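# What the coordinates show
Listed below, chain by chain, are the residues.
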Amino acid sequence: MTKTGYTIKDVVIGSAFRITRTYTGLPTGVTVSTVYLTIKRNLTDADADALVSISITTTVGVNGQITDADTTGGSIAMYFNVSESASGAATVDTYWLGVDVETTENGSYNRHTLERSKIVFIDGVRD
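Read on for an overview of the structure.

So, how was this worked out
Residues numbered from 1 in each chain as written. Predicted model: local features only at pLDDT ≥ 70, side-chain atom pairs only at ≥ 80, totals over all residues. Heavy atoms only, no water. Helix = DSSP H or I, 4+ residues; strand = E, 2+ residues; numbered from the N terminus. Rg over C-alpha atoms; globule rule 2.2 N^0.38 Å. Buried < 20%, exposed > 50% of the residue type's maximum accessible area, 1.4 Å probe, protein only. Contact = heavy atoms within 4.5 Å. Lys, Arg positive; Asp, Glu negative; His and termini not counted. Charge placed at Lys NZ, Arg CZ, Asp CG, Glu CD. Pairing = 2+ DSSP bridges. Axes fitted to C-alpha atoms, helices over the stretch in contact; angles between N-to-C directions. Phe/Tyr/Trp six-rings, centres within 6.5 Å; stacked < 30°, edge-to-face > 60°. Salt bridge = Lys/Arg side-chain N within 4 Å of Asp/Glu carboxyl O.

### Let's talk about the overall build of the protein chain
- The secondary structure content of the protein chain amounts to 1 helix and 8 strands.
- In sequence order, the secondary structure elements of the protein chain are arranged as β-β-β-β-β-β-α-β-β.
- Its C-alpha atoms give the protein chain a radius of gyration of 15 Å, within 12% of the compact-globule value 14 Å for 127 residues.
- Counting only C-alpha atoms, the protein chain reaches 55 × 30 × 25 Å along its principal axes.
- The burial tally for the protein chain puts 39% of its 127 residues in the buried class.
- Considering only contacts within the protein chain whose residues lie at least 6 apart along the sequence, 65% involve residues at least 24 apart.
- Charge centroids of the protein chain, computed over 10 positive and 14 negative side chains, lie 4 Å from each other.

### Observations regarding the sheet that holds strand E5 (residues 64-68)
- Spatially, E2-E6-E5 is the arrangement adopted by the 3 strands of the open sheet, whose pairing is antiparallel. Among the strands making up the open sheet, the edge pair consists of strand E2 (17-23) and E5. Going across the sheet, the axis of each strand differs from the next one's by a mean of 15°, ignoring polarity.
- Pairing analysis gives 7 bridges linking E2 to strand E6 (residues 76-82), with the strands arranged antiparallel. The residue bridging Thr-20 from the neighbouring strand is Tyr-79, located in E6.

### Concerning the packing of aromatic side chains
- Enumeration according to the criterion identifies 2 aromatic pairs in this entry.
- Each ring, one from Phe-17 and one from Phe-121, has its centre 6.3 Å from the other, and the planes form 65°; the classification is edge-to-face. Taken as a pair, Phe-17 in strand E2 and Phe-121 in strand E8 (residues 108-122) lie far apart in primary sequence, 104 residues in all. The burial state of Phe-17 is the same as that of Phe-121; both residues are buried.
- Both rings, one in Tyr-95 and one in Phe-121, keep their centres 5.3 Å apart while their planes meet at 85°; by these two values the pair is edge-to-face. Here Tyr-95, found in strand E7 (residues 93-105), pairs with Phe-121, found in strand E8; they are 26 residues apart in sequence, far enough to count as distant.

### With respect to the sheet that holds E8
- In space, the 5 strands of this open sheet follow the order E1-E8-E7-E3-E4, with mixed pairing throughout. Of all strands in the sheet, those with a lone pairing partner are strand E1 (3-12) and strand E4 (52-56), marking the two edges. Going from strand to strand, the sheet's axes swing by 20° on average, the running direction of each strand aside.
- Relative to E4, strand E3 (residues 31-40) runs antiparallel, the two sharing 5 bridges.

### Remarks on the environment of Asp-49
- Within the secondary structure, Asp-49 sits in the loop between E3 and E4.
- Taking the relative accessible area as the measure of exposure, Asp-49 reaches 59% and is therefore exposed.
- For the pair Asp-49 and Thr-38, spaced 11 residues apart in sequence, the C-alpha separation works out to 10.0 Å.

### A look at the pattern of salt bridges
- What the rule picks out here adds up to 4 salt bridges.
- For the salt bridge of Asp-93 with Arg-41, the shortest nitrogen-to-oxygen distance reads 2.6 Å. Highlighted residues: Asp-93 in strand E7 and Arg-41 in the loop between E3 and E4, separated in sequence by 52 residues.
- For Asp-93, a relative accessible area of 31% corresponds to the partly exposed category.

### Focus: unusual backbone geometry
- The backbone of Asp-10 shows a phi angle near 55°, a positive value even though the residue is not glycine.
- Mapped onto the fold, Asp-10 is located in strand E1.
- Residue Asp-10 is classed as exposed on the basis of its relative accessible area, which comes to 52%.

Pasting the structure below:
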């Protein structure tokens, strides 16, 4: 089931931040290969035009990591690191945030939407 209706508020433009998530309700026993975070002004914008478009795996990386990919209980956990330069391109506005997971089930790849939420960027106080 897709998580909706959540809003991350008051993210200062130009700041680095981390988004940490745990999701339940995945089919048990699937293999999780990649998770994607996309932040867009409009849902209909192409991924190539997104403010943020990053992917993570179970290997630690600059973009984050899938910290629990064992879906025997139907859940996974992860974190995403959004850089200062990525958030620096935002404007004072509300954007769409999406999290999608790529899994392998019975030898075929599938993509599941885990979350469709919003994120609100604000101006910060600068010297």
